[in-house]
Structures are given as structure tokens and as C-alpha cells.
Amino acid sequence: MKKKVAIIGSGIAGLTLGNLLQNNSNFEFVIYEKNETLNFDEGFGVQLSVNGISILNQIGFDQQDKNEKYFPSKLDFYSINCNKICDLNLDSFNSENAKYTTLKRSILIKFLKDKLLSNSVIFRKKINKVEKINEKINIYFSDGLNDEVDYLVVADGVFSNTKQVIEKKKIKPVYSGAVAIRTQIKKQDILNFNSKNISLIMGSDAHIVLYPINQRGEINLVCIIRKKSEGDNFTRKLLESTILKENKNLINLFKGDLKSWSVYTSGKPIKSIYENILYIGDAFYTFPPTMAQGASQAIESANEIFKLINNNDKSIQNKYFENRVKRTNLIYKRSKINYFGFHIANPLLTILRNFFLKRLVKNKNFIKSYLGKIYK
Ligand SMILES: Cc1cc2nc3c(=O)[nH]c(=O)nc-3n(C[C@H](O)[C@H](O)[C@H](O)COP(=O)(O)OP(=O)(O)OC[C@H]3O[C@@H](n4cnc5c(N)ncnc54)[C@H](O)[C@@H]3O)c2cc1C
């Protein structure tokens, strides 16, 4: 008999797992999403490194319209006064089929959703309670309906309300001490930077990342600013007291609609009290955004679960958890180093950082270890 998998959440993690399961006749699956629809209009970008891309290619991402994707070859580092410090060659991690890719997040979500059968995602669904009956998990929803499954995979993002319901305790993400600001611009707005590459502009307590998201010259901007306390994100005021105070010419980057929010990261990853309940994507662990790995790790974690349940592995939870924690720790440590390096305020330390950065980006062994282990 086919095994049944319920997935909670139709973000990048949940939809990727759905696609992997759909190509395997040993399983039936359903994705339960709390919202009424998926948002295909949102224009913000996402960066995907080759570790994520090579998994997406298994479900046909390489056939996706190339005009809606961009393949940056370099990451350019700049100081806040727009002086280029050095660049990192991203091509060195690419293979013929899997390239470092940037695109609109909504294009990725649409691709993942369109590949699924139309009844694979059920909307307006939230879990109220779960119960283990024999080897199965019985899920009770807030609309009074229930479902009995062999595996429950929770992919409901950073705040993972489902995790709290299942584990029957408060599990809250932690405010990271930073605010994210996003907007979209055109390539003619970024004359000081090379619009073909990813640009990383480092200031005191803040950094900006710019990258093309398609072949039409649309550019995604994300800016991370340190801010001690949560709430009251008066975006323009925050920009004026940080980035624009250091370089007022950067105002051109922030002419459009700005969206800002507080950035959260996870506490320690947890194993479920139930053997056949697993957490993936941001619900497993939410990274600081300074390695651009959240989406790629959501994809990787979906693939790990797929492989383990496909092999009918008896100790899925232990194997998954052990491997995922190792990956998480590696990426977390590098995210913290990046966070520190991108936000140096002391002028002497800035000179030192730039001196070492110029050497490190050209040091093949260092790059292979620092990034290659993650992009493998
Ligand atoms: C500023 C910023 C920039 C980033 N940039 C990048 C980047 O360039 N590259 C990158 O790789 N990552 C990036 N990330 C991280 C990345 O966006 C996330 O890690 C990734 O989207 C996580 O996917 P997910 O599927 O786990 O969760 P989500 O995308 O959050 O999806 C969760 C889904 O679950 C649904 N849901 C929520 N609660 C429930 C519930 N109770 N019941 C049912 N459904 C529910 C939600 O509606 C949603 O559809 C960035 C993050 C930030 C904050």
C-alpha cells in the first residue's frame, strides 16, 4: 500500500518536497496551507546556490524560462562610499547544468506549484492537534476535519505555529537584532555598481545587497541594518540614521516602495516527540540572511527527507536530525562571521577587513573550504 505524507506549508520547502514525492509512485501526499492562495505577484528576489539548483533540476527547473532567471558570475564587494574592494568568482562553483541563480521568489513558487497536480495543495488549513495511533499520525484541523498519515512533514516557516501545537510547548524564534529592508529597482538606478553582478555594499552596522532577478534588468535590493530592539521600523528614518548618513548619494537606491521587517532566527533545532514527524526549511532552522542560504537549505532539507522516506529507512528521524544539525551549524557559523564582517564600524578594522578580504577571495583553498562545503 502507498504511504501517505502530509506536508504543512506551501513555501519553498513544502512545495519542493511535494514535487519530489509526486515523481515517486510509492507515495501519496497532500500539502496543507493556512493561507487562501499562493502569492504569485510578489516581486522580491531570492538567490539560489548550486546545492539548491541541482535538486530543483531533478524536477525540471533547468527547463524553466531562462528570461525569468539570472546567472551572476561574480559577487562584487564595495565599501559604503561605493569604492570597489574586490570580487569573488561565483562561476567556480557552477557545473554545466547547475549555476548560481537569482530570480523572483514568486517565479520559483509558481514553478513549484504548477508542477503539482491541481488538488495537491489544500488551502485554509491549520492543525489543531496531532495524535499517534499505532504507527500512524492522526491530524486534526481547526475546521473539524482530520487526516491519518504515515509521515507528517512540517514546513510552515520561521514562526512554525504547528511545531508549538505538536510539541505542546512555546517555541519562539529569536529577534536577530537586525531589520531587513527590501525594494526593487532598475539597472539604470545603480550606475555606481556593475548591474551584471551581485553587489555587496558594506557600511557601519548595515549592508546592502543588489542583484538582477531576470534578463530584463530588474534588480532586487535587500538591506540589513542592525537595530537593538524590535518594533517601530520607521524605515526612512532608519536609513537616514545609518546608510544615508554615511553616503547620501545612495538615496537613489531607495526611491521606490520599501518593505521592512524584523529578522528572526531560530533557537536550537528540535527533534519531534513523535518518530514520524519531521521539520524542514525555516521550521527546522531559520538562518541569519548573511549567507543567502535559507531557500537552498529549505530545498536541501526537503530532499533529505525524500531520500530517507523513499529508502524506507527505519531511523529516519535520527539520521535526518544528525545530518541537518551538522549542515545547520556549518552555515550558522559562517553566517555569523559574515554578519560581523559586513557591518564593521571601526575605521581601522575596516581597513584590516578589506586587506584580508582582497586576499581571501583569491585564495582557492580558503574559498573551497568556506563556500565550497556549503555549495557542494
Ligand atoms: C531579508 C531576507 C532575505 C533572504 N534572502 C534569501 C536569499 O537570497 N536566498 C535564500 O536562499 N534565502 C533567503 N532568505 C531566506 C528564505 O526566504 C527562507 O529561508 C525560505 O523562504 C524558507 O522557506 P520555507 O518553505 O521553509 O518557509 P516559508 O517560505 O516561510 O513558507 C512557509 C509556508 O507555510 C505556511 N504556513 C505558515 N503557518 C502555517 C500553518 N500554521 N499551517 C499551514 N501553513 C502555514 C505559510 O503561509 C507559507 O506558505 C531570506 C530571508 C530574509 C529574511
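Starting from 1, residues in each chain are numbered consecutively following that chain's sequence as written. Note on the predicted model: pLDDT of at least 70 is required for a residue's local features to be given, and 80 or more for side-chain atom pairs to be given and counted; whole-chain, interface and lining totals, by contrast, use all residues.

Time to look at the pairing of strand β15 (residues 206-212). Working definition of burial: number of other C-beta atoms within 10 Å of the residue's own, with buried at 20 or more, exposed at 12 or fewer, and partly exposed in between, all C-beta atoms being placed from the backbone. Secondary structure follows DSSP: runs of H or I at least 4 residues long count as helices, runs of E at least 2 residues long count as strands, and numbering of each begins at the N terminus. Among the seven residues that make up β15, seven are buried, leaving the element largely enclosed by the rest of the structure. The alternating pattern of β15 places Ala206, Ile208, Leu210 and Pro212 and His207, Val209 and Tyr211 on opposite faces, both of which are buried. With five bridges connecting them, strand β14 (residues 198-203) and β15 associate as antiparallel partners. Each residue of the ladder has a partner; that of Ile201, found in β15, is Ile208. Hairpin geometry of β14 and β15 is characterised by an intervening segment of two residues between the two adjacent antiparallel strands and by a positive phi of about 60° at Asp205. Pairing between strands requires that DSSP locate at least two bridges from one strand to the other. Summarising the sheet, β15 and strand β16 (residues 218-226) pair through seven bridges and their orientation is antiparallel.

On to the site of the ligand. Surveying the vicinity of the ligand reveals 32 residues, the closest of which are Gly9, Gly11, Gly157, Gly281 and Gly294. Listed by contribution, the elements that provide at least two residues to the shell around the ligand are α1 (12-22), β3 (45-48), α4 (161-167) and α7 (294-310). By residue number, the principal contributor to the shell around the ligand is α7, which donates four residues. Nearness rests on one distance test: the residue's C-beta atom, set from the backbone, must lie within 6 Å of the molecule or strand.

Next up on the list: the sheet that holds strand β11 (residues 146-149). Taken in spatial order, the three strands of this open sheet run β9-β10-β11, and their pairing is antiparallel. Taken across any chain shown, the strands that pair with only one partner, and hence form the sheet edges, are β9 (127-133) and β11. Here the average twist between neighbouring strands, direction ignored, is 20°. Note that β9 and strand β10 (residues 136-141) share six bridges and pair antiparallel. To obtain each axis, a line is fitted to C-alpha atoms, and for helices this fit is confined to the stretch in contact; angles are then taken between N-to-C directions over 0 to 180 degrees.

Our next topic: the packing of α1 against α7. Between α1 and α7, the shortest axis-to-axis distance is 8 Å and the interhelical angle comes to 35°. The element α1 and its partner α7 pack so that their crossing is right-handed. Contacts from Ile12, Ala13, Thr16, Leu17, Leu20 and Leu21 of α1 reach α7 at Ala295, Ala298, Ile299, Ser301, Ala302, Asn303, Ile305 and Phe306. Under the grouping applied here, Gly and all other residues not named as nonpolar or charged are polar, the nonpolar ones being Ala, Val, Leu, Ile, Met, Phe, Trp, Tyr, Cys and Pro and the charged ones Asp, Glu, Lys and Arg. Tallied by class, the residues present in the contact of α1 with α7 amount to eleven nonpolar, three polar and no charged. If you view the pair so one helix is near and one far, a crossing is left-handed when the near helix is turned anticlockwise from the far one by less than a right angle, and right-handed when it is turned clockwise. By the convention adopted here, residues make contact when the C-beta atoms placed from their backbones lie within 7 Å.

Packing of α1 against helix α3 (residues 105-114) brings their axes to within 9 Å, and their N-to-C directions diverge by 30°. When the interaxial angle is binned, α1 and α3 end up roughly parallel. The crossing of α1 and α3 is left-handed. Seen from α1, the contacting residues are Ile12, Leu15, Thr16 and Asn19; seen from α3, they are Leu108, Ile109, Leu112 and Lys113. Taken together, the residues that form the contact of α1 with α3 break down as five nonpolar, two polar and one charged. Each angle gets one of four labels, with under 35 degrees taken as roughly parallel, over 145 as roughly antiparallel, 65 to 115 as roughly perpendicular, and the rest as oblique.

In this usage, the nonpolar core is the set of buried Ala, Val, Leu, Ile, Met, Phe, Trp, Tyr and Cys residues whose C-beta atoms join them within 7 Å. Formed by 96 residues in total, the largest nonpolar core has its most connected members in Leu17, Leu152, Val153 and Ile280. With seven residues, α7 is the single largest residue contributor to this core. The contact partners of Leu152, leaving out residues within four places of it in the chain, are Ala6, Val130, Ile137, Ile139, Asn276 and Ile277.

Moving on: the sheet that holds strand β6 (residues 84-89). Strand order in the open sheet formed by seven strands is β6-β5-β14-β15-β16-β13-β17, with mixed pairing between adjacent strands. In the strand order of this sheet, the two ends are held by β6 and β17 (259-265), each with one partner. Across the sheet, the mean angle from the axis of one strand to that of its neighbour is 20°, orientation sign disregarded. In terms of strand pairing, strand β13 (residues 174-186) meets β17 through six bridges, oriented antiparallel. Counted as the bridge partner of Arg182 is Lys259 from β17. Running at roughly 30° to β6, helix α9 (residues 347-360) makes contact with β5 (74-79) and β6 of the sheet.

Relative to the elements of secondary structure, Gly267 occurs in the loop between β17 and β18 (277-279). The spacing of Gly267 and Val174 is 93 residues in sequence and 6.5 Å in space, taken between C-alpha atoms. Sequence-distant contacts of Gly267, that is, excluding residues within four places in its chain, are made with Ile171 and Val174.

Moving on: the environment of Leu117. In this fold, Leu117 is placed in the loop between α3 and β8 (121-122). Spatially, the C-alpha atoms of Leu117 and Asn19 are 9.5 Å apart, while their sequence positions differ by 98 residues.

The next subject is unusual backbone geometry. One non-glycine residue, Ala292, lies in the positive phi region at around 50°. Mapped onto the secondary structure, Ala292 falls in the loop between β18 and α7. Residue Ala292 is classed as buried on the basis of its 21 C-beta neighbours within 10 Å.

Along an α-helix, residues three or four apart share an orientation, since each turn contains 3.6 residues. One less than the residue count of a helix, multiplied by 1.5 Å, gives the span that helix is expected to have. The end-to-end C-alpha distance of helix α8 (residues 316-342) is 38 Å, a good match for the 39 Å that 27 residues give at a rise of 1.5 Å each. Every buried residue of α8 is accounted for by Tyr320, Arg324, Ile331, Ser335 and Phe342. Where α8 is buried, its residues meet β14, β15, β18 and α7.

In short, geometric facts, not functional conclusions.
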